[in-house]
Amino acid sequence: MLLIGGPVSAQDAAKAPAAALAEFSRDWREADWQPSGQGRFTVYMRPLDDQGWSVRMRAFQSLVKAGDASIEPLLKLLATGPAPERILAAQTLGFLGMKVDRQALLDAARSDPDPAVRLHAVDSLGMVGGTDLSEELATLDAAEKDRDVKRHIAYAVDRKESGLDPQTVADLRDWDARKIDTAKLGGPAPDFE
Amino acid sequence: MRGKLKSLEEAGAQLLGVDPHESWAARGLLKDSGLAADDVHFPLLSDPAQIVSATYGVAFQMRIHVEWSNRPATFVIDQQGIIRYVKRGTAFNDRPKPEEILDELRRLD
């Protein structure tokens, strides 16, 4: 039995990405986003009783916890998956470090039809770090029309080659996913070191 | 904002913000809003791995344009570490007024 979110042996780590992605594809409902006003911001909210966000969080952590074993399936999904899976892949790859193929992230940032995928691909390019991508980012910026994606390109430029703090990845891998949504009125406030 | 912060501090409270971005992006967002880091007079904690946000039940629940963020939410925690007030917003601007928070703080006395 493979327990998503629990301790992961080396053998289970190899199986975890497929299990996490299958759970996400089965339980995430994209149609549950509800429009919430069209003023200064175009905002969409999940319903208050939504469970999808916790499905997403568990998948995200399991994929990061599985480490290198997640890279290939996520790159494949980024290139060919449905939009919600491509967003999850783009969002997660930045947590998987220097072995992630930057060219695949650049391709997604340049040509994915969904701006959310492009935005997270740009974020992940910055998070992987270690390489001067200023020319590539300038090219992306020149071609990009979406203002949010353009803002995130600027953030990636600002950070230069500084990748994601390894402690952030370690904290996510070590976090106990059973603590999801445990902050309840009248109960103890979850604490963090 | 500074005046409201002073009222919160006089009521014995400390305000903490949790932002689901890396500090690079958080500073950029402030800049895009016409603010600098020095303009924020309370600790703004960065939670890019979403572990605080998920533990408090607010991660991945709002999209502004195409960007994912946390559901706006407010928690009041008393000095014994017990959660005494929770407000989970149903829209971007669905947040308690400072006066409502101050009322809650007074009830803790």
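Criteria and thresholds
- Residues numbered from 1 in each chain as written.
- Chains lettered and ligands numbered in written order.
- Predicted model: local features only at pLDDT ≥ 70, side-chain atom pairs only at ≥ 80, totals over all residues.
- Heavy atoms only, no water.
- Helix = DSSP H or I, 4+ residues; strand = E, 2+ residues; numbered from the N terminus.
- Rg over C-alpha atoms; globule rule 2.2 N^0.38 Å.
- Contact = heavy atoms within 4.5 Å.
- Areas by Shrake-Rupley, 256 points an atom, 1.4 Å probe, with all protein chains shown as cover.
- Buried < 20%, exposed > 50% of the residue type's maximum accessible area, 1.4 Å probe, protein only.
- Core = buried A, V, L, I, M, F, W, Y, C linked by side-chain atoms within 4.5 Å.
- Salt bridge = Lys/Arg side-chain N within 4 Å of Asp/Glu carboxyl O.
- Buried area = accessible area lost by both parts, 1.4 Å probe.
- Polar contact = N/O pair within 3.5 Å; in protein donor to acceptor, adjacent residues only side chain to side chain.
- Arc of directions from axis to C-beta.
- Patch = residues over 30% accessible without salt bridge, like charges linked within 9 Å, V, L, I, M, F, W, Y side chains within 5 Å.
- Lys, Arg positive; Asp, Glu negative; His and termini not counted.
- Charge placed at Lys NZ, Arg CZ, Asp CG, Glu CD.
- Phe/Tyr/Trp six-rings, centres within 6.5 Å; stacked < 30°, edge-to-face > 60°.
- Lys NZ or Arg CZ within 6 Å of the ring centre and 35° of its normal.

The helix and strand tally for chain B stands at four helices and six strands. Each helix and strand of chain B, placed in order from N terminus to C terminus, yields the pattern α-β-α-β-α-β-β-β-β-α. Radius of gyration (C-alpha) of chain B: 14 Å, near the 13 Å computed for a compact globule of 109 residues. Here the contacts in chain B between residues at least 6 apart in sequence split such that 46% fall between residues at least 24 apart. Working note: accessible area of chain B is about 5900 Å², and carbon and sulfur atoms make up 50% of it.

It is worth spelling out the overall build of chain A at this point. The secondary structure content of chain A amounts to nine helices and two strands. Secondary structure elements in chain A, listed N-terminal to C-terminal, are α-β-β-α-α-α-α-α-α-α-α. Counting only C-alpha atoms and orienting by the principal axes, one finds that chain A spans roughly 50 × 45 × 35 Å. The proportion of buried residues among the 193 residues of chain A is 51%.

Turning our eyes to something else, we now look at the nonpolar core. The nonpolar side chains of a soluble globular protein tend to be buried with one another. Among the nonpolar cores identified, the biggest contains 56 residues, and M57(A), L78(A), L93(A), F95(A), L140(A) and L172(A) are the most heavily contacted of them. Of the residues forming this core, the biggest block, eight residues, is contributed by helix α6 (residues 115–128) of chain A. Residues L8(B), V76(B), I101(B) and L102(B) belong to the second largest nonpolar core, which totals six residues.

Right, let's talk about the pattern of salt bridges for a bit. Taken as a whole and assessed by the stated rule, the structure comprises 23 salt bridges over all chains. Of the charged contacts, one joins R63(B) and E30(A) as a salt bridge, the two residues approaching to 3.9 Å between their closest N and O atoms. Linking R63(B) in strand β3 (residues 62–64) with E30(A) in the loop between α1 (10–27) and β1 (34–38), this pair reaches from one chain into another. What makes E30(A) partly exposed here is its relative accessible area of 32%. As a salt-bridge pair, K6(B) and E10(B) come within 3.0 Å of each other at their nearest N and O atoms. Of this pair, K6(B) and E10(B) are both found in helix α1 (residues 2–10), four residues apart, which corresponds to roughly one turn of the helix. In terms of burial, K6(B) and E10(B) fall into one category: exposed. A cluster of three or more residues bridged by salt bridges with shared partners is formed by R29(A), D32(A), R46(A) and D50(A).

The next point concerns the interface of chain A and chain B. At the junction of the two partners, chain A supplies 52 residues and chain B supplies 41 residues. Counting the surface lost from both chain A and chain B, the interface buries some 4100 Å², and carbon and sulfur atoms represent 66% of this. On the chain A side of the interface with chain B, the three residues burying the most area are M45(A), W53(A) and Y155(A), jointly 15% of the side's total. Here chain A and chain B share five salt bridges between them. Among the salt bridges present, the one from R151(A) reaches E67(B), with a minimum N-O distance of 3.3 Å. If you look at where chain A meets chain B, you find 21 residue pairs in polar contact (both at pLDDT 80 or more).

With that out of the way, let us pick up helix α9 (residues 166–174) of chain A. Residues and elements named next belong to chain A. Considered for burial, the residues of α9 that qualify are T168, V169 and L172. Buried residues of α9, seen end-on, are gathered within an arc of 100° and therefore sit on one face of the element. Pointing more than 90 degrees away from the buried face of α9 are the exposed residues P166 and D174. Capping of α9 at its N-terminal end is provided by D165; its side-chain oxygen lies 2.9 Å from the backbone amide nitrogen of Q167.

On the surface, D132(A), E135(A), E136(A) and E161(A) cluster together into a negatively charged patch. Following the sequence through the fold, E135(A) ends up in helix α7 (residues 134–143).

Tallied over the entire structure, the rule returns eight aromatic pairs over all chains. Both rings, one in F24(A) and one in W28(A), keep their centres 5.7 Å apart while their planes meet at 20°; by these two values the pair is stacked. A single burial state applies to F24(A) and to W28(A), both of which are buried. On the numbers, 6.0 Å between centres and 90° between planes, the contact of F60(A) with F60(B) is edge-to-face. One end of the pair, F60(A), is in helix α2 (residues 52–66); the other, F60(B), is in the loop between α3 (51–55) and β3, on a second chain. Positioned over the ring face of W24(B) is R27(B), at 5.8 Å from the centre of the ring. It is R63(B) that lies over the ring of W33(A); its NZ or CZ is 5.2 Å from the centre.

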